[in-house]
Structures are given as structure tokens and as C-alpha cells.
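Observations on chain architecture
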Number of protein chains: 2
Amino acid sequence: MSRWAPNARERLETAALDLFVENGYEETTVAQIADRAGMNRATFFRHFADKREVLFGGEDVLAGLFADAVRAAPPGATLTECLQAALAAAGGAMTPQLRAAAVRRIAVVAANSELQERGLLKHARVTTSVTGALRERGTDELTARLGAEMCTLAFSVAFERWMKADDGAPFAPFADAALTDLQARAAELVLPSAYSGQTPSSA
Amino acid sequence: MSRWAPNARERLETAALDLFVENGYEETTVAQIADRAGMNRATFFRHFADKREVLFGGEDVLAGLFADAVRAAPPGATLTECLQAALAAAGGAMTPQLRAAAVRRIAVVAANSELQERGLLKHARVTTSVTGALRERGTDELTARLGAEMCTLAFSVAFERWMKADDGAPFAPFADAALTDLQARAAELVLPSAYSGQTPSSA
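Position numbers for residues start from 1 in each chain and track the written sequence from start to end. To label them, take the chains in the order written and letter them from A, then take the ligands in the order written and number them from 1. Reporting of local features is limited, given that this is a predicted model, to residues whose pLDDT is at least 70; pairs of side-chain atoms are given and counted only at 80 or more, and all residues count toward the totals for whole chains, interfaces and linings. Values reported for side chains reflect all heavy atoms of the structure, with hydrogen atoms and water molecules removed beforehand.

Observations concerning the interface of chain B and chain A
Rule in force here: Note on contacts: a residue pair qualifies if any of its non-hydrogen atoms lie within 4.5 Å across the two residues. A quick way to say it: buried area is the sum, across both parts, of accessible area lost when two parts are put together, with a 1.4 Å probe. Definition used for salt bridges: Asp or Glu carboxyl oxygen within 4 Å of a side-chain nitrogen of Lys or Arg. Pairs of N or O atoms are called polar contacts if they sit within 3.5 Å, as long as, within protein, a hydrogen donor faces a hydrogen acceptor (for residues adjacent in sequence, only side-chain-to-side-chain pairs). Strands are runs of DSSP state E lasting at least two residues, helices are runs of H or I lasting at least four, and both sets are numbered from the N terminus onward. For this classification, Asp, Glu, Lys and Arg are treated as charged, while Ala, Val, Leu, Ile, Met, Phe, Trp, Tyr, Cys and Pro are nonpolar and the rest, including Gly, are polar.
In this assembly, 39 residues from chain B lie in contact with 39 residues from chain A. For the pair chain B and chain A, the two sides together bury roughly 4100 Å², of which 62% comes from carbon and sulfur. Connecting chain B to chain A are eight salt bridges. Residue Arg145(B) is joined to Glu160(A) by a salt bridge in which the shortest nitrogen-to-oxygen separation is 2.9 Å. Our count for the chain B to chain A interface comes out at 14 residue pairs in polar contact (both at pLDDT 80 or more). At 11 residues, helix H8 (residues 141–164) of chain B tops the list of elements feeding residues into the side of chain B that touches chain A. In terms of residue class, the side of chain B that touches chain A is built from 20 nonpolar, eight polar and 11 charged.

Structure representation (C-alpha cells):
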């Protein structure tokens, strides 16, 4: 029951997911989650603002990984290189354990519109985090916003494909492929005048 | 008190916004909104699923306008032409009345995280709606998702700029400029190989 329990966040997340799958999200109380994790209710609320948050700790981690990687990219890095760095940093967090938990989490979230809303809020915060990190590098506002949308879209596409892949597949190749695939599509959106007058070939 | 009151949705939206500004969102009940609009609570719930929804009818309209315009674009229209058509269709709905209500709505939403979440959900649904309309035209999935993100981002940028402009300014030039500005930035995201081997000039 100590507030200094090691891995308290992870234990609460696992306990919550277990209970949501067993009994349903609505039916599970914060007290039950804390109890299953061997903690008390107050400890839960030191780590998570409400019951919904316990499912979205991963998005907070992702927002931090993306932003740190963008900030750490070399001063002369292009926008694309910044996004590659962000996605590469995320790759390290995409473990087989996370993948197994994600399968269960997706089912819980899909069944509850409140959880879908929280998920969208978290997704938006990840995008905002990347936008902010790009702005700190001196990227202009519109480029930063577009680049951040591209980053989170590439991550989403990579994640969806990775979830369908075999157990144990590393995430990095999926991230690389998703970004490259989206970059190929972006050609259809570019102004021809941005290319020294040459019309893009159809992509 | 008739369920067939003319403009019932609009009257409920106006009454709700008035009360939210006067007394706060949390403090206002659905019964009070209905009463102010000269209707009853049951009529409110025929038009809106919950209290939050009354603030986001505009996003539902927008999702429909975007999708209809994309579907109605000529068969040979490029992705960019589809997005231009979508934004042009939205322009018709961006009246001075809407702008005046938006100023008040933005203040109400900014003060409440539940409302921000609902706003993000609606924003995501607009994007999904455009994605779906592009898919119906035969656009491949990734191009459709990227194009839809570009469409809603262009709309957001145009909307922010329009809100800062003088009263009575038409929306259409802001939409055109936002899309063009974003297209110029997209050049930084394109794979050089998509351009017959020519490296993009720096944008």
C-alpha cells in the first residue's frame, strides 16, 4: 500500500485493463483497480486524473518521445529527418508486451464512446506536442502543423499494420514504410510551382 | 411547445449559447435551454443526444458539406480539386451570424475540457467523413486519409484567420489561401523520387 510502490503506474494500468476486459469499463471502479494492483484509491489518483486516463498513459509517453526526438535532431535536419527521428524514437517503446496490451485496450476503447473521445484528445495532444517541438526549432507554424499531422498519421498507419503483423515483428520497418508511403501520396497535394515549374509526375 | 417548431435546432443552439455565456456551461441544464427556446426537454433530446452536442451542430453540417462536395466533384478531378471543392462548399455556410456565434462558442469551449474533447471528436468525424467520400471516388486509403487531414487542417487555418479578420469578410479567400499555403509546405514532405528524380527546390 506504499505510495512508493515500484512501477505503480504500470501495475495500475495492467490491473485496470484486466478488470475492464473481465467486467467491463463502466462496471469497474477506481477502488477495484487500486485494490487489484495492491494499492489504495489515493495512490491511483496520484498517477491518473480519472478512470479514463489509466488507458492512455502510452499516448503521454509517445508525445514525450516524439517531442524529445524532434528537439534532439541535428540543427540542419530537414522536416522529413525530424519526423524520421520521432518515429524511430517511438519504435523503442513498441515492445511485444505493449502490443499484447494494445489488443485488449483496443477492444475496451471500441466499446465506449467516452473512451474514444479521450483517445482523440490524447491523439490531438501528441500532434500538438510535435508541433511545439518543431516550432522550437524555428519551423514556421503551418509547416510545423502539417509536419505534426504527417507524423501522427504515419504513426497511426504503422501501428495499424504492426498490429496485424506476426508476434515479435519489430515496429521500426513499419514506421519507415508508413512515412515513405505517405510521402509518396503527398506529391498529389503539392503546388506544381513549388517544383521549379515542373509538374509532378502522377504518383 | 410543438415538436414541429420551425428552426427548432437553431433556436435551441442560440438559447444554449446564450445561457452558457450568461451562467456557465456546467450550471446550465437542458431543461433551462429548452425553456429559453420555448420548447420542452423532450424536444431538445429529439435534436441533440446530450448537452454538449448543442454546441457542435456546425461540425455535423461541415462534415456533410465536405463529403457531398467531394462526391459531386467531376470524375477526373484531382485530389487538390476535390479539396478545393470541399472548402468552397463550406464557404457558403460561413455567414456573419455564424462568425458572431463562433466568438462566443470558442470562449465557452475553451473553459471546459469535456467540451474540448467533444470538439476533437467532431473534428475527427469531419476528417473521417472526407476520407470516406474520397474512398468512394476510388482514392486509395492512404491518399484519402492524408487528403482528409489536409482538408480539415486547411479549414482550421482558414477559420482561425477569418475569425481575426474584419466583420463581413467572406470566407472563401481564406480557404483558398490556407490550402495554397499548406500545399507549398507539403513540398518539404514529398519524396524526391516522386518527381522524376528531380530534387524539390527548397520551399
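Quick word on the pattern of salt bridges
Our working rule: Throughout, exposure labels follow a simple rule: accessible area from a 1.4 Å probe, protein chains only, divided by the maximum for the residue type, with under 20% read as buried, over 50% as exposed, and the rest as partly exposed.
Overall, the coordinates contain 34 salt bridges over all chains when judged by the stated rule. Across the salt bridge formed by Glu117(A) and Arg52(B), the nearest N and O atoms sit 3.0 Å from each other. You can see Glu117(A) sitting in helix H7 (residues 113–136) and its partner Arg52(B) sitting in the loop between helix H3 (41–47) and helix H4 (57–72), one on each of two chains. Residues Lys122(B) and Asp60(B) are paired through a salt bridge, measuring 2.8 Å at the closest nitrogen-oxygen approach. Remark: Asp60(B) occurs in helix H4 and Lys122(B) occurs in helix H7 (residues 113–136); sequence separation between them is 62 residues. Overall, the relative accessible area of 38% leaves Asp60(B) in the partly exposed class. The network of salt bridges with shared partners includes Asp50(A), Arg52(A), Glu53(A), Asp60(A), Arg118(A), Lys122(A) and Glu117(B).

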